[in-house]
Amino acid sequence: MAEEVIMPGWKRWLEDIGDQVGFFFKFLKNIFVGGFEWSEFVRQCYEIGYRSMMLVGITSFIMGIVLILQLRPTLVSFGAASMLPRTLSVSFIREIGPVVIALICAGKIASSIGAELGSMKVTEQLDAMEVSGANPLQYLVVTRILATTFMVPLLSVIGDAIGLFGGFLALNIRDSISFSLYFTKVIGALDFTDFLPAFVKTIFFGFAIGFVGCYKGFHSNKGTESVGIAANSAVVTASLWIFVIDAIAVQITSLLFYK
Amino acid sequence: MAEAQVNVEPRNIRKDKDEVVISIKGVKKSFGTKQVLKNINLKLKRGENVVVLGRSGTGKSVAILCIVGLLKPDDGSLKVFGDEVAEMSDSELKQLRIKIGFLFQSGALYDSMTVRENLEFPLTRVLKIPDHAEIDRRVEEALESVGLLEAIDKLPSDLSGGMRKRAGLARTIIVNPEIILYDEPTTGLDPITSREISELILTIQKKNKTSSIIITHDMECARITADRIVVMDDGEFIAEGSFDDLHKSNNKIVASFFKDIS
Ligand SMILES: Nc1ncnc2c1ncn2[C@@H]1O[C@H](COP(=O)(O)OP(=O)(O)OP(=O)(O)O)[C@@H](O)[C@H]1O
Ligand SMILES: [Mg+2]
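The final tally for this structure, using the stated rule, is 27 salt bridges over all chains. Its salt-bridge partner being B:R97, residue A:E130 comes within 3.4 Å of it at the nearest N-O pair. Highlighted residues: A:E130 in helix 4 (residues 125–131) and B:R97 in helix 2 (residues 90–99), drawn from two different chains. The structure contains a network of salt bridges with shared partners spanning A:E40, A:R43, A:E116 and A:R144.

Structure representation (structure tokens):
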């Protein structure tokens, strides 16, 4: 339904924001209309989890190793090598894990949702669904957004665990530390105010990834090149959102917890 | 047919032959500065097949997209079953769309689903038929009628262009709509299959008292299916009549469509 009208940039930008807000309310409304698409939701969760698991695992593992190797010289020079597990767990759980994993998911998931829905738009499948009296928002959008909102936090938790395990292996290159000691130190360094805000943040990251992917796909233009544009701008916008959410989250957490 | 659970009402309640199901008056539509529909007027009666002929790019597809509310006309009145489409609420529009079948020019199959799942989609999501046996029966029946039963478990990407078209047609007719809008149902098919599809369109019309608008370039299809033909050019209908009336027309554009027919 793209009607090509030439408009100044800022006006189009404002209109885009307006469309996104409208899309958000349509999404909310369609969660609660009758007949939730459970099977499609489960299928999406599986696809999203399965498609990203490997990538998230490998990157987190490497991140854990690299962080230990990078931190070690500095901490050793302060005579604080025993602080390594603690430093790693706090930085990984609070910030690096959630953000890096969310960025990876933005690249993997937001782009594939954007491309999938974009190509459905181009080939008139979205129109066909709407014209048949079915509800593409309910079937395609609600399921995908809820699936990413649910799966990205889960992937983050798994990624965090793998990252910390990577750190343990890296520590054992130079020092030798038993797993149980490492585990006690890592867990001991963390409390509720480290874990909870980070976890809540990943829920928002997951939502942003699904929402941006769906929005870009749904609102792509007709024409095959729009599929690429939809996928690409989904990744860029979702990544940007992740940093914006992260910046807001750190403000809120420091107001609430770290005085 | 055990159709108790289907919420499409039996269509013989008002079998009034002269009832107008679609009424289009002075519809205009522009994209940017380009005026695609200039002045469209059409009345479609119950049980009638109207064929629309017209050169590529004259706005035929745009016109039928307006009927189902996928595009909004800029001006004019467009009523289906007596109600103005532009003034309908979302739920009214949905109810209307259930009664209208739409065959997209491209077929528009859902490409993540097999042919069977494509056909099941409107049955489970729109008509909400709970009975699996009933669904299977209707899917097989619809595929049988377009000669595609052997492709039931294939994905659209494994089908040829013509097969996709036929699968799209099967998905359109499976819900027994009261009105069917066909956008080039036989384009890209061989002459034999084209003829079978044209005859299928005729059969559906006779069996279900369906009213249809059929956009086509295929004169054989027009001859078989049309009760009435309108010719569209440059955003307007320029001629109207039966196949034989138009065959005798002196208008250059109309005559160009009939030039190969003896
Ligand atoms: N969504 C749209 N945005 C902008 N222009 C459009 C849109 N849809 C159609 N048009 C323009 O409207 C004109 C008519 O298009 P339409 O698809 O109705 O042609 P058609 O008569 O169906 O032709 P064909 O026989 O080739 O299918 C074309 O010039 C097309 O570029
Ligand atoms: Mg067309």
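We are not done yet, so read on.
What follows is about the side chain of B:N118. Residues and elements named next belong to chain B. The topology assignment puts N118 in helix 3 (residues 115–126). Side-chain polar atoms of N118 contact the side chain of R171, separated by 3.0 Å. Leave out the neighbours within four places in its chain, and N118 touches L109, Y110, M113, P156 and R171.

The subject of this paragraph is the packing of aromatic side chains. Residue and element names in this part refer to chain A. Enumeration according to the criterion identifies 26 aromatic pairs over all chains in this entry. Relative to F179, the ring of F168 lies with its centre 5.0 Å away and its plane at 85°, an arrangement referred to as edge-to-face. With a gap of 11 residues between them, F168 in helix 5 (residues 136–174) and F179 in helix 6 (residues 179–189) connect regions that are remote in the sequence. Judged by its relative accessible area of 11%, F168 falls in the buried class. Residue classification places F179 among the partly exposed positions, given a relative accessible area of 43%. Measuring from ring centre to ring centre gives 5.5 Å for F207 and F211, while their planes differ by 20°; the resulting arrangement is stacked. One end of the pair, F207, and the other, F211, are both in helix 7 (residues 192–218), four residues apart, so they sit about a helical turn from each other.

Our focus in this paragraph is the site of ligand 1. In the neighbourhood of ligand 1, 15 residues make up the surrounding shell, with B:K34, B:S56, B:G57, B:K60 and B:S61 lying closest. Residues close to ligand 1 are split across chains A and B. Here an oxygen atom of ligand 1 sits 3.1 Å away from a polar atom, N or O, in the side chain of B:E184. Between ligand 1 and B:H217 there is a distance of 3.3 Å, counted from an oxygen atom to a side-chain nitrogen or oxygen. Out of a free accessible area of 630 Å², ligand 1 has 72% covered by protein chains. Those elements that place two or more of their residues in the shell around ligand 1 are strand 2 (34–45) and helix 1 (60–67) of chain B. A total of three residues in the shell around ligand 1 trace back to one element, the largest contributor, which is helix 1 of chain B. Its residues assigned to classes, the shell around ligand 1 comprises four nonpolar, seven polar and four charged.

What follows covers the coordination of the magnesium ion (ligand 2). All names here are of chain B. Note on the magnesium ion (ligand 2): its protein donors are S61 (OG) and Q105 (OE1). The metal-donor distances range over 1.9 to 2.3 Å. Here S61, found in helix 1, pairs with Q105, found in the loop between strand 6 (100–103) and helix 3; they are 44 residues apart in sequence, far enough to count as distant. For S61, a relative accessible area of 24% corresponds to the partly exposed category.

Contacts between the two partners involve 23 residues from chain B and, on the opposite side, 17 residues from chain A. In total, chain B and chain A occlude about 1,900 Å² of area from one another, counting both sides; carbon and sulfur atoms represent 57% of this. Among the residues chain B hides against chain A, the three largest losses belong to B:L70, B:R97 and B:Y110. Together they make up 28% of the total. Seen at the junction of chain B and chain A, the total is two salt bridges. Note that B:R125 is salt-bridged to A:E37, the shortest N-O span being 2.7 Å. Scanning the region where chain B abuts chain A turns up six residue pairs in polar contact (both at pLDDT 80 or more). Among the secondary structure elements, those contributing two or more residues to the side of chain B that touches chain A are strand 1 (20–31), helix 2, strand 6 and helix 3 of chain B. It is helix 2 of chain B that provides the largest number of residues to the side of chain B that touches chain A, a total of four residues. Per-class residue counts for the side of chain B that touches chain A are 14 nonpolar, two polar and seven charged.

All right, on to the confidence of the model for chain B then. Residue and element names in this part refer to chain B. Mean pLDDT over chain B works out to 89, with 93% of the residues at or above the 70 mark. Taken as a whole, residues 1–6 scores under 50 in pLDDT and shows 13 contacts with residues more than four places along the chain or in a different chain. pLDDT under 50 marks residues 8–13. Its contacts with residues more than four places away, or in other chains, come to 11 contacts. Here the complex is predicted with pTM 0.88, and the ipTM for its interfaces comes to 0.87.

Rules used throughout
Residues numbered from 1 in each chain as written. Chains lettered and ligands numbered in written order. Predicted model: local features only at pLDDT ≥ 70, side-chain atom pairs only at ≥ 80, totals over all residues. Heavy atoms only, no water. Salt bridge = Lys/Arg side-chain N within 4 Å of Asp/Glu carboxyl O. Helix = DSSP H or I, 4+ residues; strand = E, 2+ residues; numbered from the N terminus. Polar contact = N/O pair within 3.5 Å; in protein donor to acceptor, adjacent residues only side chain to side chain. Contact = heavy atoms within 4.5 Å. Phe/Tyr/Trp six-rings, centres within 6.5 Å; stacked < 30°, edge-to-face > 60°. Buried < 20%, exposed > 50% of the residue type's maximum accessible area, 1.4 Å probe, protein only. Near = heavy atom within 4 Å. Areas by Shrake-Rupley, 256 points an atom, 1.4 Å probe, with all protein chains shown as cover. Nonpolar A, V, L, I, M, F, W, Y, C, P; charged D, E, K, R; others polar. Donors = N, O, S within 2.8 Å, 3.2 Å for Na, K, Ca; no water. Buried area = accessible area lost by both parts, 1.4 Å probe. pLDDT = per-residue confidence, 0-100.

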